[in-house]
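Overview (structure and organization)
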Amino acid sequence: MSIVNETNKLSSRKLRDGMIKSRKTRIGDLLIAFICLILMLLCLLPMLHVLASSLSSADALVKNEVFIWPKGWNIDAYQTVLTTEKYVRSLGWTAILTLICTLLSISLTVCAAYPLIYTNLKGGRFINFIMLFTMYFSAGTIPYYLLLSRLGMLNTPYALIFPNCISVFNVIIMRSFFFGVPDSLREAGEIDGASPIRILVQIYLPLSLPVIATLSLFYAVGRWNGFSDALMYLKKSESEKYWPIQLLLYNVIKNSTQTNEQAAQEGFFANGVSKTIQMATVMFATVPILLVYPWLQRYFVSGVTIGAVKG
Amino acid sequence: MGTERSDLTSIAPKKTSGINRHMGFSWKTYLKRYWTLYLLLVIPIAFFIIFRYTPMSYILLAFKKNNILIPPWKVEWARNNGFQWFLKAFKDQDFIIALKNTIFLNLLDLVIGMPMPIMMALLLNELAYPKYKRITQTVLYLPHFLSWVIISSITLRLFATNDGIINKLLGTSIPFVGNPNNWRGTYIFLGIWKECGWNTIIYLAALTSISPELYEAAEVDGAGRMRKIWHVTLPGIRSTIIVLLIMNLGHILGSEFDRPFTLSNPQVTEASKTISIYVYEKGINGQQYSLTTAVGLFQSVICVFFLLMSNALAKKFGERGIW
């Protein structure tokens, strides 16, 4: 299907370029380009503001002089974050956690999706059903919480790893992609006497790198940005060392707004310092993802499309 | 696209494969050949049984006394034939507020938030410069990758009443997040800001499957840009719009947690408290497990009901629906 789409796109582009455009159309094109520019700015400016704030002096921040250009350039906030044990540990832990979860999730997703393309697999339909059913009906927050409590996973890092390690949605995307691999390849492998596992490793996985990259991105972003599970399952203070960066950031900001008035009475300076540090932490918490996703854009666009069509 | 969608609807797509050609069927050869496939499925199935189906046994608690020290099936039944907690929830003013807020915010999301990505996709589709279009798309996808914690921390700075940048630029002091009605507006706006660009992906994909001949024909007939959008593009993505509408209607009582929770502040709880937050506060913090399990069950059942209803409705109007 995608090849047809590509040619459609190409021919429509050729068509558009080949035709002599009327003046009205050309003005329209420019107007559309201008609207898109505004939309882009709308998405970028908040991030630029955070970047500028994190690089500004505390004083300038308190006086509200920073918009998208830093005032009183310095990288003190970054130094502070990188030398504060709490932040460094949380960032490192979140990175490790994200790595573990992504590897685990992607392997299990392949394990769940691959057998289902053997449509004659006995019980395959049933297994498919028990997966899909959970997409439409879930037990709810409290039953999950009670289960984890019974399993003794509350306040342990396992609560962040296992409960959401397979997403049915991603299994569907993976399965659809596997279905797109020509059957003839698999049959050739079967004739040569290759076992299903060998066919998976030598034929399917090498062909599926784009979708593996996409789903890894989805899982990694989900874990890196994950907040509510940590909030609910890591309540005890001794589990604070397992707090991912999002939860830490939430608590830092909540505490700083609560103590805002107090800080105001004590003098603006302290408050301003904490704001630049907050903004530096926000940068640390977003930059890893923002560096990765543009390179995978080509792949995730097709991943989302499969998922939405199949979902 | 049409043919692809039809096989999503059946649970196991029908495809012939190698095994079909075996003349007879013998479990021995079958298992000898394919036991590894079952091996692959062991951990995923264990996952679904432990983490998705076992929790369902705790749903029983919704009809039982609030006791989690013994397994739910051994607990005594709750009063009113087991419906004590459902009745209690509907008498609880906090729950009624949470229910209203959830529905209201989701409706606003549906009415205001759903057309936005469609319009943005149409806009991107009309963008005549391919390279510029690619860059625009990359930038518009950016907010999707930010977490709500990050967005709320940025929002609190930008939209602050007295010293926020937005108010400073406008020269006003509007409490964007400080009073319930404005907070709702900000909530909806931020939702659109985060997901609008991302949600264009699916519409843009649908747009590429519209035959260019239709545009040519429309041009020959003298149709301008707007007429082409109205008569060719929109009908071309109608079925996609309907599928997404069904999904959204199915979630009318579903509630996100991160978004209202992180954006909320003490001044606006009457607008920001949704069912998910109610469950978190009463259940996990307040240990009223039976009550909140009942609320969760109510929510899940209504979700399934709405999904079935809207799907049936779509089919009645001659659309394909989602299964």
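Residue indices begin from 1 for each chain and proceed along its sequence in written order. As they are written, the chains are lettered A onward and the ligands numbered 1 onward, keeping that order. Confidence filtering applies because this is a predicted model: local features only for residues at pLDDT of at least 70, side-chain atom pairs given and counted only at 80 or more, and all residues used for totals across whole chains, interfaces and linings.

1. Remarks on the overall build of chain B
Each helix and strand in chain B was counted, giving 16 helices and zero strands. In summary, chain B has a C-alpha radius of gyration of 25 Å against a globular reference of 20 Å for 323 residues, an excess of more than 25%. Along the three orthogonal principal directions, the C-alpha set of chain B runs to about 80 × 75 × 35 Å. When burial is assessed residue by residue, chain B has 36% of its 323 residues classed as buried. The contact rule is simple: place each C-beta atom from the backbone, and if two of them lie within 7 Å, those residues are in contact. For chain B, contacts bridging at least 24 residues in sequence account for 65% of all contacts bridging at least 6. Elements are defined by DSSP. Helices are runs of H or I of four residues or more, strands are runs of E of two residues or more, and each kind is numbered from the N terminus. Each radius of gyration reported is based on C-alpha atoms, and the globular scaling rule is 2.2 Å times the count of residues to the power 0.38. Using C-beta atoms placed from the backbone, we call a residue buried if 20 or more other C-beta atoms fall within 10 Å of its own, exposed if 12 or fewer do, and partly exposed for counts in between.

2. Let's talk about the overall build of chain A
The secondary structure content of chain A amounts to 16 helices and zero strands. Classification of the 311 residues of chain A by burial places 39% in the buried group. In chain A, of all internal contacts separated by at least 6 residues, the share reaching a separation of at least 24 is 71%.

3. Overview of the interface of chain A and chain B
Bring the parts together and some accessible area is lost; that lost area is often taken as the interface size. Contact residues are listed per partner, giving 90 residues for chain A and 85 residues for chain B. Looking at the side of chain A that touches chain B element by element, the count peaks at 15 residues for helix α16 (residues 268-310) of chain A. Residue polarity is assigned by list, with Asp, Glu, Lys and Arg as charged and Ala, Val, Leu, Ile, Met, Phe, Trp, Tyr, Cys and Pro as nonpolar; anything else, Gly included, falls into the polar class. The residue makeup of the side of chain A that touches chain B, split by class, is 57 nonpolar, 24 polar and nine charged.

4. A word on unusual backbone geometry
The residue N155(A) is not glycine, and still its phi comes out positive at about 65°. Located in the positive-phi region is N80(B), a residue other than glycine, with phi close to 50°. As for its placement among the helices and strands, N80(B) is situated in the loop between α2 (27-57) and α3 (84-91). When the 12 C-beta atoms within 10 Å are taken as the criterion, N80(B) is described as exposed.

5. Re helix α9 (residues 180-208) of chain B
Think of an α-helix as turning once every 3.6 residues; residues three or four places apart then point the same way. Here α9(B) contains 29 residues, and its C-alpha end-to-end distance of 42 Å stays within 8% of the 42 Å for a straight helix at 1.5 Å per residue. Fitting one axis to the seven residues ending at a residue and another to the seven starting there, the bend at that residue is the angle between the two axes. Bending of α9(B) peaks at approximately 45° at the position of C196(B). Here the expected span of a helix is defined as 1.5 Å times the quantity of residues minus one.

6. Quick notes on the confidence of the model for chain A
All names here are of chain A. Mean pLDDT over chain A works out to 84, with 86% of the residues at or above the 70 mark. The predictor attaches a confidence to each residue, called pLDDT, with possible values from 0 through 100. Per-element confidence in chain A ranges from a low mean pLDDT of 49 for helix α15 (residues 260-266) to a high of 95 for helix α5 (residues 85-113). Counting interchain partners and residues more than four positions distant, the pLDDT-below-50 stretch residues 263-270 has five contacts.

7. Structural notes on the environment of F257(B)
Tracing the backbone shows F257(B) in the loop between α12 (238-250) and α13 (258-263). The spatial distance from the C-alpha of F257(B) to the C-alpha of T274(B) is 8.1 Å, given a sequence separation of 17 residues. Not counting residues up to four positions away in its chain, the partners in contact with F257(B) are S228(A), S276(B) and Y280(B).

8. Some points on the nonpolar core
One broad rule of soluble globular proteins: the nonpolar side chains tend to lie buried together. We call a set of buried Ala, Val, Leu, Ile, Met, Phe, Trp, Tyr and Cys residues a nonpolar core when their C-beta atoms link them within 7 Å. Counting 135 residues, the largest nonpolar core has Y114(A), M174(A) and V295(B) as the members making the most contacts within it. The element best represented in this core is α9(B), accounting for twelve residues.

9. Focus: the environment of A280(A)
Residues and elements named next belong to chain A. Assignment of secondary structure puts A280 in helix α16. A residue is classified by how many C-beta atoms lie within 10 Å of it, and A280, with 24 of them, is buried. Separated by 202 residues in the primary sequence, A280 and Y78 have C-alpha atoms spaced 5.8 Å apart. Residue contacts for A280: discarding those within four places in its chain leaves S54, A77, Y78 and V81.

10. A look at the packing of α12(B) against helix α16 (residues 289-316) of chain B
Residue and element names in this part refer to chain B. The convention used is that axes are lines fitted to C-alpha atoms, helices contributing only their stretch in contact, and that angles between N-to-C directions extend from 0 to 180 degrees. α16 packs onto α12 with a crossing angle of 155° between their chain directions and a minimal axis gap of 7 Å. Taken together, the axes of α12 and α16 lie roughly antiparallel to each other. The chirality of how α12 crosses α16 is right-handed. Listed contacts from α16 to I242, I246, L249 and G250 of α12 are C303, F306, L307, S310, N311 and A314. Classifying every residue of the contact of α12 with α16 gives seven nonpolar, three polar and no charged. For classification purposes, angles smaller than 35 degrees are called roughly parallel, those larger than 145 roughly antiparallel, those between 65 and 115 roughly perpendicular, and all remaining angles oblique. Two helices cross in a left-handed way if the nearer one is turned anticlockwise from the farther one by less than a right angle. They cross in a right-handed way if the turn is clockwise.

11. Here's the deal with the confidence of the model for chain B
Residues and elements named next belong to chain B. Of all residues in chain B, 92% have pLDDT values of 70 or greater, and the mean over the chain is 86. Overall, residues 1-20 carries pLDDT values under 50, and its contacts beyond four positions in sequence, including any with other chains, amount to 30 contacts. Confidence estimates for the predicted assembly give a pTM of 0.87 and an ipTM of 0.86.

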